Amino acid sequence: MNAMTTGSDAFLARYDGLGGRLPGRDGYVAGLRARAAEAFRVAGLPHRRLEAWRYTDLSAVAQAGFTEALTLVEEAPALPPARAPHRAVFVDGRFAANLSRMPEGFRAVSLAGALDAAEGVLGSAPEQGLALVALNTMLFEDGLWLDLPEGTDGGTMELLSVATHTDRPIAFHPRHIIRLGRGSTLTLIETATGPNGAAYLHNPVYEIAVAEGATLSHVRLQREGRKAFQLSTVLASVQAGGTYDNFTLNAGGRLVRNEIHTALLGPKAACHMNGAQLAADGQHADTTTFLDHAAPDCASRQTYKTVLAGKSRGVFQGKILVRQAAQRTDGYQMNQALLLSEEAEIDAKPQLEIYADDVKCSHGATVGALDESQLFYLRSRGIPAEEARAMLVQAFLTEAVEGVTDPLAQDALAEAVEGWWEKEAA
Amino acid sequence: MPAVAETIETVQSVTESGYKWGFETDIEMEFAPKGLNEDIVRFISAKKNEPAWLLEWRLKAFALWQKMEEPDWAAVSYPKIDYQDAYYYAAPKTKAGPKSLDEVDPELLKTYAKLGIPLKEQAILAGVEGAGETPAEAFPAGGRMPVAVDAVFDSVSVATTFKKTLEAQGIIFCSISEAVQTHPELVREYLGSVVPQADNYFAALNSAVFTDGSFVYIPKGVRCPMELSTYFRINAKSTGQFERTLIIADAGSQVSYLEGCTAPMRDENQLHAAVVELVAMDDATIKYSTVQNWYPGDENGVGGIYNFVTKRGACRGARSKISWTQVETGSAITWKYPSCILQGDDSVGEFYSVAITNNRQQADTGTKMFHIGRNTRSTIVSKGISAGRGQNTYRGLVKISPKATGARNFTQCDSLLIGDQCGAHTVPYIENRCLSAKVEHEATTSRIAEDQLFYCRQRGLNEEEAVGLIVNGFCREVLKELPMEFAVEAQKLLAISLEGSVG
Amino acid sequence: MLKIEGLKAEIEGKEILKGIDLEVPMGEVHAIMGPNGSGKSTLSYVLSGREGYEITGGSVTFDGVDLLAMEPEERASAGVFLAFQYPVELPGVGNANFLRTALNAQRRARGESELDAMQFLKMARARLKELQMSDEMLKRNVNVGFSGGEKKRNEVLQMALLAPKLAILDETDSGLDIDALKIVSDGVNALRGPGFSSLVITHYQRLLNHIVPDRVHVLMGGRIVRSGGKELALELEAEGYGTIAA
């Protein structure tokens, strides 16, 4: 209890102390921050007595005593090779213009430098009373703002987040705003990395608005350093005929929560949310999804796979809400966990909450170890045990990974999965 | 029990509502003063002439309850209960406690006859009851299997049938008040051993004020020759019913137990907070079936029973098995999670459930399966049907400890919605810490397909009949787990519960 | 060649193989026949190294090397192939990927160069053609959604590609119609030669009309109770296992 209070106090102290040094001190942003601070002061950091957090304990975050990076590193960090023609690079949560190549033809800017224009846009996604979103609003320093006008083909771009500080635990709370106008399309491939030796907190919030007939494909590869905390919240809304696809890989970090709230607001909106969680010794990976079917004739598909090695813990919580107006909803969710170790633990809580009668909704969950007969079959054909295990783990992930269709994203994903297997599990 | 089904046809409803069991019995009652305090607990204990240890046990439970908070996590809503505004003891007045059915108030017997409970009729009148009877006589060739009944009226057990037949095999089947007197060692050993006093708010309340219930002990190696049954009836106004049932199946024994319940129609809410504890030793099997038909309240949600029940079985022995089957059609609010603690290696837990909510009914029900022993297996099949403005939630937990190697669970939860004003919810929790365990969970939500309805109607069924037929089909996997005659009753109940839900 | 001496094995404390002696010289095809429960499948699993069987006595050598000391994949690379009675489904694993991975793992183990995707595909297509199978076979997930016959054909395809020295066919004929039976036996017969031997385990004589064995052994109660030429199979078919036991 004390630790948790201390945790929120520490963040509030940063807010009180930084006051005017945060961007947007003179305008509407200050008001947003003040309201968020008040909400955060009341709620505190989430704790396990809250139903939504019963399986994920943030007391380590509360105790870490994070501070802001404040100074920009002089030296450019080593970046993974560029995959797409355009990339936005954030170092310790701040936009690094010199490392970025921004697309032209639509607004693609650092949020910190465009706050005045973002009035009415920033904070327009419903915060749903989420304490971590309030924390983000209170302390965000920067973020990516993409705004695609009607009919724009935004192609593929990368969003890169790199943590650099190793001398003290830093926290950064980037706020990304991604808005797609009618009929526009974009593929966004995001990679988050950081040094393995440093404890840091990456608490991004995404405000995503997909207009009528637009399609956003959002691929997130979370490969944070092994002592890092990443608590991310996606707040997405999709209008009639629009599509939001989210694929999230959780492969790094010490404690990671990937929380996605998607609301289907117009008829025939669609959403595909897939993900893979790979956790090895000492890692905690949590995916929590909330799908709000608020309009008729929408479809949602979710497939999440968790692979647990060593002393690790995996969490999946997924709720599908079908409101009374959302007749003819087609909702499907599957979550499966594969345990590779005697010390691993999986907690799963799929959930349906349905208020419309003409619906087709289902969810499934399975938990199990590698199938011995499959393993033997592969080995009887001459495939060594380790390779056979890797093949079966890959096969296990297939269904979730298939959702990623962009070739650049596929490569990045394959590389991340292989990297995890070789480093952590094999 | 079969006669219960007959009552559906024979007993005409006394009001406009579809609830056929809403009559009230006018008999002389004895009440404890309204309200709840230590004195009431002492009063109940004294009334039952209980030993000191049991009074202590009750008082401890009461002290714990006072410090606890009413749970609010279930998806049900109801106005705050005033625990001081109810009677905690109501009993039919008798001179000295009935020695035989002849001494029981004839009004009471009439009530049970109305309900179709074969306390006195059927097998007893047929002369199969009597000293020296053998199990062979208890199963007349081609005849219907007799059912031994313990009838609980408001707070006390009024009659138990077939006791002698059962005693011949060493089976103890009596009210728990009687067991406290006649088999205190068994009651003391097992009471609260599965559901401790502090388990939850309602279990603590029950532990403090429980008034009666059934007690069953099946000795080693004995297969109980007939179905055992308890019939619960809340009759008096402003009373809570807090019965406590304890069933112990010793090594290698088998028993099938049935439970039925009804209550008069009243425009007030009445609390029913029961506790059921089951203990199965090595190779023992307990099958526990419930058809819950408490008064559900009227179509506007006025009145009805709050059914807040804790049911839990412990598979203590290797290869033991506990199987829960429930058909929940009544009550304004149902809050119950019949569970299994699978301690013994190779033990088996099962939960088969049908829950219907119509009008303003709310049900939050499911099960918990705790896998502790090796190679333990559990199966969960839940069918939820929501109609009218009903809200129906399946809530379940499958928890597998690191030592439960080879554990298996399969869960299937299906929800059916009838109309667009109701809700169906599914909240399963899976917590696994064992590498070799295998868990599978599936849940679906759908409505009755137009083509199914049309097909039935084209063959001449009206819409309600068609819905009844389809709903019965939807529930088939669960209904087939019920003892046959109970299943017939349950099927009819399903149809009645859904009256007015279509069109 | 395969040499089994006094092989005893048990599963969960129950002895299934009670002392088996058997030699399969290189180049020969031997049939093992026996009623249900005689230990036929156990023998095939013990030879290929499946877990769960405890070897309580005897020895098995293959080309003079102790087979029982080897991991399943080492046995495969040494040239022992088991055609499963119930081929295992591998959802998410493409057949082509599976076959190439297996082939290359075996080549690697034998110090041979690995095949690239094109080389492999060429080779796989050639085998498919020989076996009159469609290329579609490669695109599907291993055995997933295959009919019983398709699964057995897939086993034969794998055998043709992996070119083992010893093929153990565990009731490969069960559940096959006559056309599939012919494809399977043609596949085995095509491999016959001085460098290939086979242990054909079957309940029925039918398969042996197509794959004519050099020797026939009768396995009953965990022991070889009789051995003879191919005519022994016909005798069994005519008189049943009962007379053998007598």
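Residues numbered from 1 in each chain as written. Chains lettered and ligands numbered in written order. Predicted model: local features only at pLDDT ≥ 70, side-chain atom pairs only at ≥ 80, totals over all residues. Heavy atoms only, no water.

Enquirer: Summarise the pairing of strand S6 (residues 80-83) of chain C; cite the residues concerned and give the values.
Expert: All names here are of chain C. What you see with S6 is no split at all: Val80 and Leu82 on one side and Phe81 and Ala83 on the other are buried throughout. One ladder, built from 4 bridges, connects S6 with strand S9 (residues 166-170); its direction is parallel. Along S9, the bridge assignment pairs Phe81 with Ala167. (Buried < 20%, exposed > 50% of the residue type's maximum accessible area, 1.4 Å probe, protein only. Helix = DSSP H or I, 4+ residues; strand = E, 2+ residues; numbered from the N terminus. Pairing = 2+ DSSP bridges.)

Enquirer: How would you sum up the interface of chain A and chain C? Please name residues and give values.
Expert: Taken together, the 18 residues of chain A in the interface contact 34 residues of chain C. Together chain A and chain C conceal approximately 2000 Å² of surface at their shared face, both sides included; 62% is due to carbon and sulfur atoms. Interface area lost by chain A to chain C is led by Phe376(A), Tyr377(A) and Arg381(A), which between them contribute 39%. The interface formed by chain A and chain C includes 4 salt bridges. Here Glu73(C) makes a salt bridge to Arg379(A), at a shortest N to O gap of 2.5 Å. At the boundary of chain A with chain C, the tally comes to 13 residue pairs in polar contact (both at pLDDT 80 or more). When residues of the side of chain A that touches chain C are traced back to their parent elements, those giving at least two are helix H5 (372-380) and helix H6 (385-401) of chain A. (Contact = heavy atoms within 4.5 Å. Buried area = accessible area lost by both parts, 1.4 Å probe. Salt bridge = Lys/Arg side-chain N within 4 Å of Asp/Glu carboxyl O. Polar contact = N/O pair within 3.5 Å; in protein donor to acceptor, adjacent residues only side chain to side chain.)

Enquirer: Kindly report on the pairing of strand S6 (residues 214-218) of chain B, identifying the contributing residues and their values.
Expert: All names here are of chain B. Along S6, 5 of the 5 residues are buried, which leaves the element largely enclosed by surrounding structure. Here S6 shows two buried faces, one formed by Ser214, Val216 and Ile218 and the other by Phe215 and Tyr217. Bridge count for strand S5 (residues 172-175) against S6 is 4 bridges, and the pairing is antiparallel. Across the sheet, the residue bridging to Ile172 is Tyr217, located in S6. With 4 bridges joining them, S6 and strand S8 (residues 244-249) adopt parallel strand pairing. Of the residues in S8, the one forming a bridge with Tyr217 is Ile248.

Enquirer: A description of the packing of aromatic side chains should follow, citing residues and the corresponding values.
Expert: Each pair of aromatic rings is reported with the distance of its centres and the angle of its planes. Using the criterion set out here, one finds 32 aromatic pairs over all chains in the structure. Ring centres of Phe202(B) and Trp335(B) lie 5.1 Å apart, and the angle between their planes is 75°; this geometry places the pair in the edge-to-face category. Of this pair, Phe202(B) sits in helix H9 (residues 201-209) while Trp335(B) sits in strand S15 (residues 333-336), and the two are 133 residues apart along the sequence. Among the aromatic residues, those joined into a cluster by ring pairs are Phe62(B), Trp65(B), Trp73(B), Tyr78(B), Tyr83(B), Tyr201(B), Phe202(B), Tyr306(B), Phe308(B), Trp335(B) and Tyr337(B). Seen from the ring of Phe140(A), Arg33(A) lies directly overhead, with NZ or CZ sitting 4.2 Å from the centre. Above the ring of Phe210(B), the side-chain terminus of Arg244(B) is found at 5.9 Å from the ring centroid. (Phe/Tyr/Trp six-rings, centres within 6.5 Å; stacked < 30°, edge-to-face > 60°. Lys NZ or Arg CZ within 6 Å of the ring centre and 35° of its normal.)

Enquirer: Explain the interface of chain A and chain B to me, using residue names and the numbers behind them.
Expert: Contact residues are listed per partner, giving 35 residues for chain A and 30 residues for chain B. Interface of chain A and chain B: buried area, both sides summed, is about 2600 Å²; carbon and sulfur atoms make up 49% of it. Counting every contact that joins chain A to chain B gives 4 salt bridges. Asp358(A) is the partner of Arg447(B) in a salt bridge, and the nearest nitrogen-oxygen pair spans 3.2 Å. The interface formed by chain A and chain B holds 16 residue pairs in polar contact (both at pLDDT 80 or more) in total. Only strand S20 (345-354) and strand S21 (360-369) of chain A provide two or more residues apiece to the side of chain A that touches chain B. Partitioned by chemical class, the residues of the side of chain A that touches chain B number 16 nonpolar, 9 polar and 10 charged. The pairing of S21(A) with strand S24 (residues 438-447) of chain B spans 7 bridges and is classified as antiparallel. Counted as the bridge partner of His363(A) is Ala443(B) from S24(B). (Nonpolar A, V, L, I, M, F, W, Y, C, P; charged D, E, K, R; others polar.)

Enquirer: Give me the lowdown on the sheet that holds strand S5 (residues 65-66) of chain C, citing residues and values where you can.
Expert: Backbone hydrogen bonds hold the strands of a sheet together, and the pairing may be parallel or antiparallel. All names here are of chain C. With respect to topology, 4 strands assemble into an open sheet ordered S2-S1-S4-S5, the strand pairing being antiparallel. Each of the sheet's edge strands pairs with one partner strand only, and the pair in question is strand S2 (14-24) and S5. Where helix H1 (residues 40-48) meets the sheet, it contacts strand S1 (2-11), S2 and strand S4 (54-62), and its direction lies at approximately 110° from that of S1. (Axes fitted to C-alpha atoms, helices over the stretch in contact; angles between N-to-C directions.)

Enquirer: Account for H5(A), naming residues and giving values.
Expert: All names here are of chain A. Counting buried positions along H5 yields 7 of 9 residues, so the element is predominantly enclosed. Those residues of H5 not exposed but buried are Gln374, Leu375, Phe376, Tyr377, Leu378, Arg379 and Ser380. Two residues or fewer after H5 comes Gly382, characterised by a positive phi angle close to 100°.

Enquirer: Describe the nonpolar core, listing the residues and the values that go with them.
Expert: Formed by 110 residues in total, the largest nonpolar core has its most connected members in Leu249(A), Val307(A), Leu2(C), Ile4(C), Leu90(C) and Phe98(C). Residue contributions to this core peak at 8 residues, all from H6(A). Excluding anything up to four places from it in sequence, Val307(A) contacts Gln277(A), Leu278(A), Ala279(A), Leu338(A), Leu340(A), Val393(A), Phe396(A), Leu397(A) and Trp420(A). In this structure, Ala285(A), Ala249(B), Tyr394(B) and Ala407(B) belong to the second largest nonpolar core, which totals 61 residues. (Core = buried A, V, L, I, M, F, W, Y, C linked by side-chain atoms within 4.5 Å.)

Enquirer: Got a sec to walk through the packing of helix H6 (residues 148-162) of chain C against helix H7 (residues 178-191) of chain C? Specific residues and values, please.
Expert: All names here are of chain C. In the contact formed by H6 and H7, the axes pass within 9 Å of each other and the chain directions differ by 15°. One element, H6, and the other, H7, form an angle in the roughly parallel class. The handedness of the crossing between H6 and H7 comes out as left-handed. Contacts between H6 and H7 involve Lys152, Arg153, Val156 and Met159 from the former and Ile183, Val184, Gly187, Val188 and Leu191 from the latter. A per-class count over the contact of H6 with H7 returns 6 nonpolar, 1 polar and 2 charged. (Parallel < 35°, antiparallel > 145°, perpendicular 65-115°, else oblique. Left-handed = near helix turned anticlockwise from the far one by under 90°.)

Enquirer: Kindly report on the side chain of Thr325(B), identifying the contributing residues and their values.
Expert: With respect to the helices and strands, the residue Thr325(B) is situated in strand S14 (residues 321-328). When near neighbours in sequence (up to four residues on either side) are disregarded, Thr325(B) contacts Lys287(B), Tyr288(B), Ser289(B), Thr290(B), Tyr352(B), Val478(B), Glu481(B) and Leu482(B).

Enquirer: Give me the lowdown on the pattern of salt bridges, citing residues and values where you can.
Expert: All names here are of chain A. Within the structure shown, the criterion is met by 59 salt bridges over all chains. In this structure, the salt-bridge partner of Glu141 is Arg94, at a minimum N-O distance of 2.7 Å. In this pair, Glu141 sits in the loop between helix H4 (131-139) and strand S4 (144-148) while Arg94 sits in strand S2 (residues 94-95), placing the two residues 47 residues apart along the sequence. Using a relative accessible area of 11% as the deciding quantity, one classes Glu141 as buried. The salt bridge partner of Asp147 is Arg179, with a shortest N-O separation of 4.0 Å. Linking Asp147 in strand S4 with Arg179 in strand S7 (residues 175-180), this pair joins segments that are 32 residues apart in sequence. Overall, the relative accessible area of 21% leaves Asp147 in the partly exposed class.

Enquirer: Would you mind going over the state of the cysteines in detail, with residue names and values included?
Expert: Residue and element names in this part refer to chain B. A complete count under the given rule lists 0 disulfides over all chains for this structure. Distance from the sulfur of Cys413, which forms no disulfide, to the nearest cysteine sulfur (Cys475) is 13 Å. Of the residues examined, Cys413 reaches a relative accessible area of 1% and is grouped as buried. (Disulfide = S-S within 2.5 Å.)

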